[in-house]
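# Report on the structure
Chain residues, written in single-letter form:
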Amino acid sequence: MKNQDLVDYLASCGVCRVCQLRYLKARGNEYRNMQQTFQRLDVKVDDSDLKPSVDEPDEQPPKKPRLSICSTCLGLFSEEFQNQLIDGISKSDFGKYDSAGIVLAISLPLALQLRQLSMWFALQRKFGKSSFNDNSAPDVPIKEAVKLILHPIVCSKLGREYDANGLMINIDVRHSVEAEEVAKLTDLHRVAFPGKKRIEISRGLLEKQYQPARIKADLFEQYLAIPPAAVEEPLHLQSIDLMGPIVCVAGRYRKLSRELSHTPWILHGRRIMEESIEEIIVKQVAPHFTDTVCKVTFMSSGREDVDVRCLGKGRPFVLEIMDAKRSSFSRQQAREMELAVDKSGKVSIHNLQVVPREQLTHIKTGEEQKRKYYRALCVLDEPVTVDILKKLQISESFIIQQKTPIRVLHRRPLHTRPRSIYSVKAYVSRENRRLLIIDVVSQAGTYIKELVHGEFGRTTPSISSIIGKPIDILALDVVGIDLDWPADVNNAETEVE
């Protein structure tokens, strides 16, 4: 079979030039200059059939000329549809998004898949199964062709770049033949695959069941035409919906209050605390990027109890912002957000910056291998002795076995977890000889309160068992988290113009 013979036959079936190239398995930039591609493939084409033509009686006033509609793509790759698409996008909320990249997500009629199969049968009849076998589709899939052809055109006309993670333009395309052809397919399916009580026609069903290896052409033709029948109307845009990209804003927070939950604390439908770390940060940062603040996800590298402060450089966090209309902010805007959070008096943030979504793995990856630094204010029943201080100067690491604390059993499964304690140092308070200040460096995921008092032997060894005395914890601070992320950014510095 020669390429010229294939193109001539496709043209006789009403197939457009773009789809002719699809059946010649053109790839990439070969769709940019179709005339050149046809020449390279040794195919002569006459483009006069693509020009508008009028075939009206002399006495009738001239009507707007209409291009012939491709029987396989139903006009998807026509200039007319491209213009309709660009016009529809331009009239949407497209201008409200500043994303430099876009991606098209087109929902196409099932009729296109049916017509691909119909043309597959037609090509087998014309050129034989040696040229077009039962298992390998004869064309470049339409969805792939959309990426090769429509994406570059739309990006160019809208002045944006292609980016799979950019602004998603969801396009729903319909055709008037859809209902009729799907109804015929349903009847065909009952005959071709008897015994199926419930029939759900879907793309997956067509891809899996409807190819020449699974169904005979003669049976198919009893319900649907081979080759596909001509249509009088092109595809039409049903709707265009926009979904902004996911923007990730990272930073570090310091928790300054001992009466603040990490996330909203709601028990039996009633709020226990007015605010949370999450709400304070989201309230000041998210509105710059999106109108749907309720869809923002707050994540951090671990969390503190309500009565525990987080000091030092603070704890890394990130906001995952869906449907973002803005994808960046200036250093001045970031600083204003930091100051707005600081005014709460409960939380302070710094290093605020937009980060690639791929970096979110820093928050969770290897979480239990990180080291965390704590300072605990503890009390004994009697004055601290030199012997107690000596026992709590531990420079070599040791392993504890820690059962899930009773206080968190309502949300965590009961397990015994080994945890590494890397060092312990203790100091006695000058004001009260019964008070100990204990610095602990531990593996992330260690319950420090239980490490101190032992929780009735559920944590072993514990500070209490090491000194052989009852000891309780009065206050706890996180003073360091061994995670060098996100990068240090001083938003207080004036940007260079």
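Here the structure is a predicted model, which is why all the values come from computation and not from measurement.

The strands that make up a sheet are held in pairs by hydrogen bonds between backbone atoms, and each pair lies either parallel or antiparallel. Spatially, four strands are ordered β2-β1-β3-β4 in an open sheet, and the strand pairing comes out mixed. Both outer strands of the open sheet, β2 (161–162) and β4 (236–243), are each paired with one neighbouring strand and no more. Sheet topology note: the strand β1 (residues 101–107)/strand β3 (residues 167–174) ladder contains six bridges and is parallel. Bridge pairing in β3 links Leu104 to Ile169. Packed onto the sheet, helix α4 (residues 79–90) meets β3 and β4 and runs at close to 40 degrees relative to β4.

Glancing now at a nonpolar patch on the surface. Where nonpolar side chains cluster on the molecular surface, the patch consists of Ile406, Leu409, Leu414 and Phe456 and spans about 470 Å² of accessible area. Here Leu414 lies in the loop between β12 (398–403) and β13 (416–428). Assessed through its relative accessible area of 57%, Leu414 is described here as exposed.

This next bit is on the packing of helix α5 (residues 110–127) against helix α7 (residues 178–192). Where α5 contacts α7, the axes come no closer than 9 Å and their chain directions differ by 60 degrees. In terms of axis orientation, α5 runs oblique to α7. α5 and α7 meet at a crossing whose hand is left-handed. Contacts between α5 and α7 pair Leu110, Ala111, Leu114 and Arg115 from the former with Glu178, Glu181, Val182 and Leu185 from the latter. Of the residues in the contact of α5 with α7, the class split is five nonpolar, no polar and three charged.

What follows covers the domain arrangement of the protein. Here the protein is partitioned into domain 1 (69–243), domain 2 (247–368) and domain 3 (371–481). For domain 2 versus domain 3, the separation of C-alpha centres amounts to 28 Å. Contact with domain 2, which involves 17 residues of that partner, is made by twelve residues of domain 3. Buried area between domain 2 and domain 3, both sides added, is near 1200 Å², and the carbon and sulfur share of it is 39%. Remark: the boundary between domain 2 and domain 3 carries five salt bridges. Note that Asp307 and Lys449 form a salt bridge whose closest N and O atoms lie 2.9 Å from each other. Taken together, domain 2 and domain 3 are joined by ten residue pairs in polar contact (both at pLDDT 80 or more). Among the elements that make up the side of domain 2 that touches domain 3, the one with the highest residue count is strand β9 (residues 308–321) (eight residues). A breakdown of the residues in the side of domain 2 that touches domain 3 according to their chemical character gives four nonpolar, four polar and nine charged.

Definitions and limits used
- Residues numbered from 1 in each chain as written.
- Predicted model: local features only at pLDDT ≥ 70, side-chain atom pairs only at ≥ 80, totals over all residues.
- Heavy atoms only, no water.
- Pairing = 2+ DSSP bridges.
- Helix = DSSP H or I, 4+ residues; strand = E, 2+ residues; numbered from the N terminus.
- Contact = heavy atoms within 4.5 Å.
- Axes fitted to C-alpha atoms, helices over the stretch in contact; angles between N-to-C directions.
- Patch = residues over 30% accessible without salt bridge, like charges linked within 9 Å, V, L, I, M, F, W, Y side chains within 5 Å.
- Areas by Shrake-Rupley, 256 points an atom, 1.4 Å probe, with all protein chains shown as cover.
- Salt bridge = Lys/Arg side-chain N within 4 Å of Asp/Glu carboxyl O.
- Buried < 20%, exposed > 50% of the residue type's maximum accessible area, 1.4 Å probe, protein only.
- Parallel < 35°, antiparallel > 145°, perpendicular 65-115°, else oblique.
- Left-handed = near helix turned anticlockwise from the far one by under 90°.
- Nonpolar A, V, L, I, M, F, W, Y, C, P; charged D, E, K, R; others polar.
- Domains from an automatic or database assignment.
- Buried area = accessible area lost by both parts, 1.4 Å probe.
- Polar contact = N/O pair within 3.5 Å; in protein donor to acceptor, adjacent residues only side chain to side chain.

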